Amino acid sequence: MLIRLVRDVVYESIASAYAGGAVYYTPLGFRPVGLRFQAKVYPETGLYNIVDEVGFIVLNLTKNPLHYLLSSFKKEFKPNLAFTKARCVDAPRLAGVEAYVETIVADVRELSGLKTVELEPVCVDTGTLLTPYSRADAILIEMIVYATKIRAFKRKGDRVSAGHYANLFNEARSILERVAGSKSYRGMADFLSEEVSRWVEG
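Note that this is a predicted model, so its numbers are computed, not measured.

A. Main features of the packing of helix α2 (residues 65-72) against helix α6 (residues 183-201). At a minimum axis distance of 11 Å, the contact between α2 and α6 shows a crossing angle of 30°. Taken together, α2 and α6 sit at an angle that is classed as roughly parallel. Taken as a pair, α2 and α6 cross one another with a handedness that is left-handed. On α6, the residues touching P65, L66 and L69 of α2 are Y185, M188, F191 and L192. Here the residues of the contact of α2 with α6 are counted per class, giving 7 nonpolar, no polar and no charged.

Following this line, the structure appears as C-alpha cells:
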C-alpha cells in the first residue's frame, strides 16, 4: 500500500522521538520538498529545544483528533499513549495510527527565530486502521491547531493574532456543531472552547 503525498502540501502528523531517554511526541506539520520532508519548528514548542539533538523522528500519520488533542495538551490530560519501537530507526512509534514514516533528521537551520528541519524518509509502513474522511475529524483537528496558536500568541502578548485565530476557532466550532453529534467529539470541543475562552479573556 502506498501513501500519496503531494509536493508543497502541508500534512499533519504526530512526531515522536527519543529525547533524554524518554519518549517525546508533539503535533508537527510537514511538507514534501524534493526527496525530503520539511518542517517548521516554532520556539514555543518543546521540539524546538531538542530537535538539534534528535537523530531520528517518526511521523505518525493519523486522522484521529484525539491523538492531536492529547499531544497538544499533555499537562491537562496526562495521556498514557502506547508507543512501540520503530522498524528502521531508533525512535518510538505511536500505536494505533494509520501509517508511519520513519525519518533521519538530515539538517536543522535556524532563521528569524524558527528552525527549519529537513527530514529524510527511511521507511514507510501502514498500520492496521483505516479511517474514512470525515469533516468532523478535519474540523476538530483545525480547532486544536487554532487553540494551540491562540495559546502561543497570548503567551507572547500578541492579542491581535490571538484574536484572529479565536475568530477562526469559533467559525470551526459552528461547523462542528452541524457535522458531529458524538458525545466524545462534543466533549473535546467543549474542552477546547473553555481553554480558548480562558486565554482570550485572561
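More follows now that the structure is in view.
B. Molecular detail of the nonpolar core. L140, M143, I150, F169, L176 and L192 are the most contacted members of the largest nonpolar core, which totals 37 residues. Elements represented by at least two residues in this core include exactly α2, α4 (135-156), α5 (159-179) and α6. Of the residues forming this core, the biggest block, 9 residues, is contributed by α4. Leave out the neighbours within four places in its chain, and L140 touches P65, L176, Y185, M188, A189 and L192.

C. Highlighting the pattern of salt bridges. Summed over all chains, the structure comprises 15 salt bridges. When the shortest N-O distance is used, the salt bridge between D107 and R109 registers 2.8 Å. With a relative accessible area of 27%, D107 lands in the partly exposed category. With a shortest N-O distance of 2.8 Å, E177 and R173 are connected by a salt bridge. Here E177 and its partner R173 are both found in helix α5, 4 residues apart, which amounts to about one turn of the helix.

Conventions adopted
- Residues numbered from 1 in each chain as written.
- Predicted model: local features only at pLDDT ≥ 70, side-chain atom pairs only at ≥ 80, totals over all residues.
- Heavy atoms only, no water.
- Axes fitted to C-alpha atoms, helices over the stretch in contact; angles between N-to-C directions.
- Helix = DSSP H or I, 4+ residues; strand = E, 2+ residues; numbered from the N terminus.
- Parallel < 35°, antiparallel > 145°, perpendicular 65-115°, else oblique.
- Left-handed = near helix turned anticlockwise from the far one by under 90°.
- Contact = heavy atoms within 4.5 Å.
- Nonpolar A, V, L, I, M, F, W, Y, C, P; charged D, E, K, R; others polar.
- Core = buried A, V, L, I, M, F, W, Y, C linked by side-chain atoms within 4.5 Å.
- Buried < 20%, exposed > 50% of the residue type's maximum accessible area, 1.4 Å probe, protein only.
- Salt bridge = Lys/Arg side-chain N within 4 Å of Asp/Glu carboxyl O.

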